[in-house]
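Structure assessment
Each chain, written out:
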Amino acid sequence: MHEFSLCQNIIEIVTDEFKKLNPQPRRIIKVNLVIGKLHGVVKENMHFAYEVLAKDTAAQGSQLEIDEIPIKAKCRMCNWQGAITNSVFLCANCASGNLDIEEGKEFYIKDLEVEEDE
Ligand SMILES: [Zn+2]
């Protein structure tokens, strides 16, 4: 499961960012993540890995929200543009495999939601 290594990175970034916040909030409530479908991430595995790895870190007990971006491509042959839903990447118009992937490669933390100390 490559979700574990991805989650490891996310938690490192999130806990680092959290420590930098001033004043220090009480805890992390939610982490909003954007993942392009090209990464082949299984959401359930991601949530599981996150829960396991967040244990004993500042992210413990926080929620991971995953926003998935569909794969979109443009055909170099006929200029067709659209979503790729198959695991085989082919142009829906001319069936060429000569595509530019325009969306779906995203992988970043959009933001953190924290609980402020009153
Ligand atoms: Zn085409």
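What this report covers is the structure whose coordinates are included nearby. (Residues numbered from 1 in each chain as written. Predicted model: local features only at pLDDT ≥ 70, side-chain atom pairs only at ≥ 80, totals over all residues. Heavy atoms only, no water.)

Moving on, we get to the coordination of the zinc ion. Distances from the zinc ion to its protein donors, Cys75 (SG), Cys78 (SG), Cys91 (SG) and Cys94 (SG), fall within 2.3 Å. For cysteine 75, a relative accessible area of 1% corresponds to the buried category. (Donors = N, O, S within 2.8 Å, 3.2 Å for Na, K, Ca; no water. Buried < 20%, exposed > 50% of the residue type's maximum accessible area, 1.4 Å probe, protein only.)

All right, on to the sheet that holds strand 1 (residues 27–36) then. With mixed pairing, the 3 strands of this open sheet are ordered in space as 2-1-6. Of all strands in the sheet, those bounded by a partner on one side alone are strand 2 (63–69) and strand 6 (107–115). Across the sheet, the mean angle from the axis of one strand to that of its neighbour is 15°, orientation sign disregarded. Seen against the sheet, helix 1 (residues 3–20) touches strand 1 and strand 6 and runs at an angle of roughly 45° to strand 6. The strands that helix 2 (residues 43–54) touches are strand 1, strand 2 and strand 6; relative to strand 2, the one it contacts most, it runs at about 150°. (Pairing = 2+ DSSP bridges. Helix = DSSP H or I, 4+ residues; strand = E, 2+ residues; numbered from the N terminus. Axes fitted to C-alpha atoms, helices over the stretch in contact; angles between N-to-C directions. Contact = heavy atoms within 4.5 Å.)

Helix 2 packs onto helix 1 with a crossing angle of 50° between their chain directions and a minimal axis gap of 9 Å. Taken together, the axis directions place helix 1 and helix 2 in an arrangement best described as oblique. Crossing geometry of helix 1 relative to helix 2 is assigned as right-handed. Of helix 2, the residues touching helix 1 (which contributes Glu3, Phe4, Leu6, Cys7, Gln8, Ile10 and Ile11) are Asn45, Met46, Phe48, Ala49, Tyr50, Val52, Leu53 and Ala54. Its residues assigned to classes, the contact of helix 1 with helix 2 comprises 12 nonpolar, 2 polar and 1 charged. (Parallel < 35°, antiparallel > 145°, perpendicular 65-115°, else oblique. Left-handed = near helix turned anticlockwise from the far one by under 90°. Nonpolar A, V, L, I, M, F, W, Y, C, P; charged D, E, K, R; others polar.)

A few words now on helix 1. Three or four residues apart is the spacing at which side chains of an α-helix point the same way, because the helix has 3.6 residues per turn. Between its first and last C-alpha, helix 1 extends 26 Å over 18 residues, near the 26 Å set by a 1.5 Å rise per residue. On its buried face, helix 1 is in contact with strand 1, helix 2 and strand 6. (Expected span 1.5 Å × (residues − 1).)

The values reported here are purely geometric and, on their own, carry no functional implication.
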